[in-house]
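Here's the letter readout for the chains.
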Amino acid sequence: MPKPDENKKQPFLTDVKTLRARARQHIERGAVTEGYTADRETVLKLLNEALATEIICVLRYRRHYFMASGLEAQSVAAEFLQHANEEQGHADQIAARIVQLGGEPNFSPDGLSARSHAEYVEGTDLIDMIKEDLVAERIAIESYRDMVRFFGEKDSTTRRMLEEILATEEEHADDLADLLGDSAGTAAN
Ligand SMILES: [Fe+2]
Ligand SMILES: [Fe+2]
């Protein structure tokens, strides 16, 4: 435990004069101020990987939406389409944040699936598609959880954005697990 007088030496808040002086330095960096302590290179790399993951998920869900056929295909296809659109929303949020941090979002198709954490698997039938989507969501959940931990207090804006995205991925995984459960019930009947 630090003694009370040690706390005084290191004030928790930056004094106003320093704050004002620092804000005037490097104004071309926009939202990225001197107090931004996260390693920007790593941050931009991670966010571009997350962007690639979302784009791959958009592509995979859209493929599954158009290819869904058979029993119950309509309701499952509707779920695929909704997920595809939500992943697109995530991609847009992440790209906007990359720009805000002074980086460039990588939309290049070259190396897209290598940058992505989740895989693009076409799937053989409806059940297989749902399974592959669930696997991809579980990958996204794990990698977002890691990123949330990485950003911690260093960049709380990015952390909060990722926490929101993570919550949606958990909902997606839950939806897919329900669909698998339903189809197992149907198959057993
Ligand atoms: Fe997503
Ligand atoms: Fe998702």
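Higher on the page you've got the structure.
Keep in mind that this is a model prediction, so the values were computed, not measured.

Structural notes on the coordination of the iron ion (ligand 1)
Taken together, the protein ligands of the iron ion (ligand 1) are Glu54 (OE), Glu54 (OE), Glu87 (OE), His90 (ND1) and Glu169 (OE), with distances of 1.9 to 2.4 Å. Ordering the donors of the iron ion (ligand 1) by residue number gives the pattern E-x32-E-x2-H-x78-E. The metal-metal distance between the iron ion (ligand 1) and the iron ion (ligand 2) is 4.0 Å, with Glu87 coordinating both. One end of the pair, Glu54, is in helix 3 (residues 40–67); the other, His90, is in helix 4 (residues 73–100), and 36 residues separate them in sequence. As far as burial versus exposure is concerned, Glu54 and His90 are alike and both buried.

Observations concerning the packing of helix 3 against helix 4
Here helix 3 crosses helix 4 at 160°, and the two axes come no closer than 8 Å. Judged on the interaxial angle alone, helix 4 and helix 3 are roughly antiparallel. Between helix 3 and helix 4 the crossing geometry is left-handed.

Here we look at the nonpolar core
Membership of the largest hydrophobic core comes to 43 residues, with the highest contact counts inside it found for Leu47, Phe80, Ile94, Tyr144 and Leu162. Mapped by element, the contributors of at least two residues to this core are helix 3, helix 4, helix 6 (126–151) and helix 7 (156–188). Those residues in contact with Phe80, other than ones at most four positions away along the chain, are Tyr61, His64, Tyr65, Ala68, Leu126, Met129, Ile130, Asp133 and Leu176.

Regarding the packing of aromatic side chains
Aromatic ring pairs are reported here in terms of the distance separating the ring centres and the angle at which the planes meet. Under the definition given, this model contains three aromatic pairs. Between Tyr61 and Phe80, the aromatic rings sit 6.2 Å apart at their centres with planes inclined by 40°, giving tilted as the arrangement. Of this pair, Tyr61 sits in helix 3 while Phe80 sits in helix 4; the two residues are 19 residues apart in sequence, bridging distant segments of the chain. Each member of the pair, Tyr61 as well as Phe80, is classed as buried. Considering the side-chain rings of Phe150 and Phe151, the 5.2 Å spacing of their centres and the 85° angle between planes classify their relative orientation as edge-to-face.

A look at the coordination of the iron ion (ligand 2)
Taken together, Glu87 (OE), Glu137 (OE), Glu137 (OE), Glu169 (OE) and His172 (ND1) make up the protein donors of the iron ion (ligand 2), found 2.0 to 2.3 Å from the metal. Mapped onto the sequence, the donors of the iron ion (ligand 2) take the spacing E-x49-E-x31-E-x2-H.

Regarding the packing of helix 3 against helix 6
Running from N to C, helix 3 and helix 6 point in directions that differ by 165°, and their axes come no closer than 11 Å. Here helix 6 runs roughly antiparallel to helix 3, going by the angle between their axes. The two elements helix 3 and helix 6 meet at a crossing, and its hand is left-handed. Within the contact between the two elements, helix 3 uses Thr42, Val43, Leu46, Leu47, Ala50, Glu54, Arg60, Tyr61, His64 and Met67 and helix 6 uses Met129, Asp133, Ala136, Glu137, Tyr144, Met147, Phe150 and Phe151. Partitioned by chemical class, the residues of the contact of helix 3 with helix 6 number 12 nonpolar, two polar and four charged.

Cut-offs used in this document
Residues numbered from 1 in each chain as written. Chains lettered and ligands numbered in written order. Predicted model: local features only at pLDDT ≥ 70, side-chain atom pairs only at ≥ 80, totals over all residues. Heavy atoms only, no water. Donors = N, O, S within 2.8 Å, 3.2 Å for Na, K, Ca; no water. Helix = DSSP H or I, 4+ residues; strand = E, 2+ residues; numbered from the N terminus. Buried < 20%, exposed > 50% of the residue type's maximum accessible area, 1.4 Å probe, protein only. Axes fitted to C-alpha atoms, helices over the stretch in contact; angles between N-to-C directions. Parallel < 35°, antiparallel > 145°, perpendicular 65-115°, else oblique. Left-handed = near helix turned anticlockwise from the far one by under 90°. Core = buried A, V, L, I, M, F, W, Y, C linked by side-chain atoms within 4.5 Å. Contact = heavy atoms within 4.5 Å. Phe/Tyr/Trp six-rings, centres within 6.5 Å; stacked < 30°, edge-to-face > 60°. Nonpolar A, V, L, I, M, F, W, Y, C, P; charged D, E, K, R; others polar.

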